[in-house]
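# Summary of structural features
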Amino acid sequence: MIRYLSQFLLIFALLGSVSAVRAQKARIAGLEQNEEYMELLRQQQALKAREDSAAQQITRDRQMFDQSANKAALGEEIVRLEGELFEIRNQIGKVTARVTAIEQEYIISHMDETSSSGGGGSVQSGEGVRSLLANSFFVSNLSKNDLTLFALTPRVEAEVVKIDGRIEDLYSQLERVKRQYDAAKDQDLIDSLLVRSGELKEQIEQVDALMERLWLQIYNRKLDRYLVLVDKIGTIDRLQLEQLDQESRQVRRAEGLAGEQLAPLVATYPLQKRLVLDYELTMARALGLSLAADSLAAEQKKFNAEEWSKQMTYPDVSFAPRSMVVYGEISRTDDVAQRNYTTVDDVPQLQVPKRGLYYTVQIALYTTQPKSIAAFKGVTPVMAQRLGNGQTRYVAGGFTTYAEAQAAATQMTRTGFRASVVAFSDGQQTTVAKAKALESAVTANPDGEAQGGGYSVEITPAELRLPTALREMITQRAPGKTIVRRSSGNVVTYSVGAFATRAEADALAEVLGSQPNVKINVTAL
């Protein structure tokens, strides 16, 4: 039992350390001499200062936007700052993950060094006491270890509230990222926000996983012991037993469905807590423990399962794939509604992929902005690209091969444009000749580009969340690697990476594949 108690007390220390980090002060006593840990805390504090500064500047710029004489320039600056802000937050997420990993490693390695005496205080044998577990029936039929563990319930439940508070804060950040993601017009920002969403979901699950070592240990043990005690009492009527059994089945069904939540363990806590209270109240009344029954009834009244369920529910936030990169043939239409622009001002900026080849067709080059969309002759889709010499290039269509782009350029020439193919490689403009050579090389070795991007290990757990055992194995076998959560309908996938070689990814996949109820794949990036 000392091991259980030590584990709980040390996890309390971890949960109590979530307050703001002060300069050069360890969040866990005993880690002051860990140089990496202390440096990470300093980095975390500096990044948070940068985050506050960038957020304040964005707020000021947005307030100035409506009155600005140069909205385009200010808008670009806001987008740049937003990209910088979310990159800072990405770094904060990575530093925080490493800080948490060091703390967890320290706690686990020192788990048996803390002991506790007492645990539940003196046990009374009389029937006229308010504590259910302090009555003689339970003292006689539960082990000392069980009594000590169950006595921790009030402290554990207080920590559950703190866990929920941390998840609520992370979930609010996730909802803000979702709003930014849907409104963003810059591909770099979109990609950054998508990565940030995965990191926030993973952080939510990491916090939720603390429930395994806190509430779930008590809940599972109580349920197991209470089933035996109910049978020993023998005087509980059949209707009450059927109601408890039905409630138990409802909780199990809810536990299965909770996998669709971002915090499934927190989401099922209210129903589990209500079930435990119902068992305890039923036993107290059957044994004639009036004071204990009154106390439990008051707690049950205060604990409204419906309200708690609503508060502790965090449905997944879906991020549909978004790409500002245009792929498609060129067409002409007189219907303005069918074009990707209505005025010259709202012609979207050209976005090109960061990796791989991309072709488009230049249809116009202007030193000053054209006065009317008539200059584009009804062509769609059209994009604009600001060049270094101050000119603006207008292009149409987006293609993955030179042959497609050249055919479109020929079409545009016949329409009356001085059209030419423009090529990009890995986000940078290149000559058509170099692009064609790269295209030929990729065709000859189609796996070459993917291999250059490394590999990730894709994990699909049956229970729709990453079990703590797998999370700890990843931390041990692949330290420093990022875990990103993605969901699509009833399928949740975790991506671990990136790995420089296939052999590294295969090594982790082999270890994780030994675990039950999980599907593992290695994917080239």
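Keep in mind it's a predicted model, so treat the numbers as computed, not measured.

## What about the side chain of Glu 280?
On the secondary structure map, Glu 280 appears in helix 11 (residues 264-286). Glu 280 gets classed as buried once you look at its relative accessible area, which sits at 8%. Every residue in contact with Glu 280, bar those within four places of it in the chain, is listed here: Leu 132, Lys 222, Tyr 226 and Leu 296.

## Thoughts on the confidence of the model for the chain
Of the residues in the chain, 84% reach a pLDDT of 70 or more, and the chain-wide mean stands at 82. Overall, residues 111-128 carries pLDDT values under 50, and its contacts beyond four positions in sequence, including any with other chains, amount to 34 contacts. Low confidence marks residues 446-452, where pLDDT is under 50. Its contacts with residues over four positions away, or in another chain, come to six contacts.

## Comments concerning the pairing of strand 8 (residues 455-461)
Consecutive residues of a regular strand have side chains that alternate between opposite faces of the sheet. Burial within strand 8 is extensive, with six of its seven residues counted as buried. In the sheet, strand 8 pairs with strand 10 (residues 491-499) via five bridges, with the strands oriented antiparallel. For Tyr 455, the partnering residue across the bridge sits in strand 10 and is Phe 499. Both strand 8 and strand 11 (residues 518-524) contribute to a ladder of seven bridges, which runs antiparallel.

## Some points on the nonpolar core
Among the nonpolar cores identified, the biggest contains 62 residues, and Phe 138 and Trp 215 are the most heavily contacted of them. Among the elements that line this core, the one with the most residues is helix 11, at ten residues. When near neighbours in sequence (up to four residues on either side) are disregarded, Phe 138 contacts Leu 132, Leu 133, Leu 147, Leu 229, Met 283, Leu 287 and Leu 289. With 26 residues, the next largest nonpolar core counts Val 344, Ile 373, Val 379 and Val 421 among its residues.

## Thoughts on the packing of helix 6 (residues 153-183) against helix 9 (residues 215-233)
Orientation of helix 6 relative to helix 9, taken along the N-to-C sense of each, is 135 degrees, at an axis distance of 9 Å. Between helix 6 and helix 9, the crossing angle belongs to the class labelled oblique. You can see that helix 6 and helix 9 cross each other, and the crossing is left-handed. On helix 9, the residues that touch Thr 153, Val 156, Glu 157 and Val 160 of helix 6 are Trp 215, Ile 218 and Lys 222. Each residue belonging to the contact of helix 6 with helix 9 can be placed in one class, and the counts come to four nonpolar, one polar and two charged.

## With respect to unusual backbone geometry
A cis amide bond links Thr 380 with the next residue in sequence, Pro 381, at an omega value of -5 degrees. Tracing the backbone through its elements, the reader meets Pro 381 in the loop between strand 3 (379-380) and strand 4 (382-386). The omega torsion across Gly 497 and Ala 498 is 0 degrees, close enough to zero to call that bond cis. Following the sequence through the fold, Ala 498 ends up in strand 10. Positive phi outside glycine occurs at Asp 426, with the angle close to 50 degrees.

Thresholds, definitions, all that
- Residues numbered from 1 in each chain as written.
- Predicted model: local features only at pLDDT ≥ 70, side-chain atom pairs only at ≥ 80, totals over all residues.
- Heavy atoms only, no water.
- Helix = DSSP H or I, 4+ residues; strand = E, 2+ residues; numbered from the N terminus.
- Buried < 20%, exposed > 50% of the residue type's maximum accessible area, 1.4 Å probe, protein only.
- Contact = heavy atoms within 4.5 Å.
- pLDDT = per-residue confidence, 0-100.
- Pairing = 2+ DSSP bridges.
- Core = buried A, V, L, I, M, F, W, Y, C linked by side-chain atoms within 4.5 Å.
- Axes fitted to C-alpha atoms, helices over the stretch in contact; angles between N-to-C directions.
- Parallel < 35°, antiparallel > 145°, perpendicular 65-115°, else oblique.
- Left-handed = near helix turned anticlockwise from the far one by under 90°.
- Nonpolar A, V, L, I, M, F, W, Y, C, P; charged D, E, K, R; others polar.

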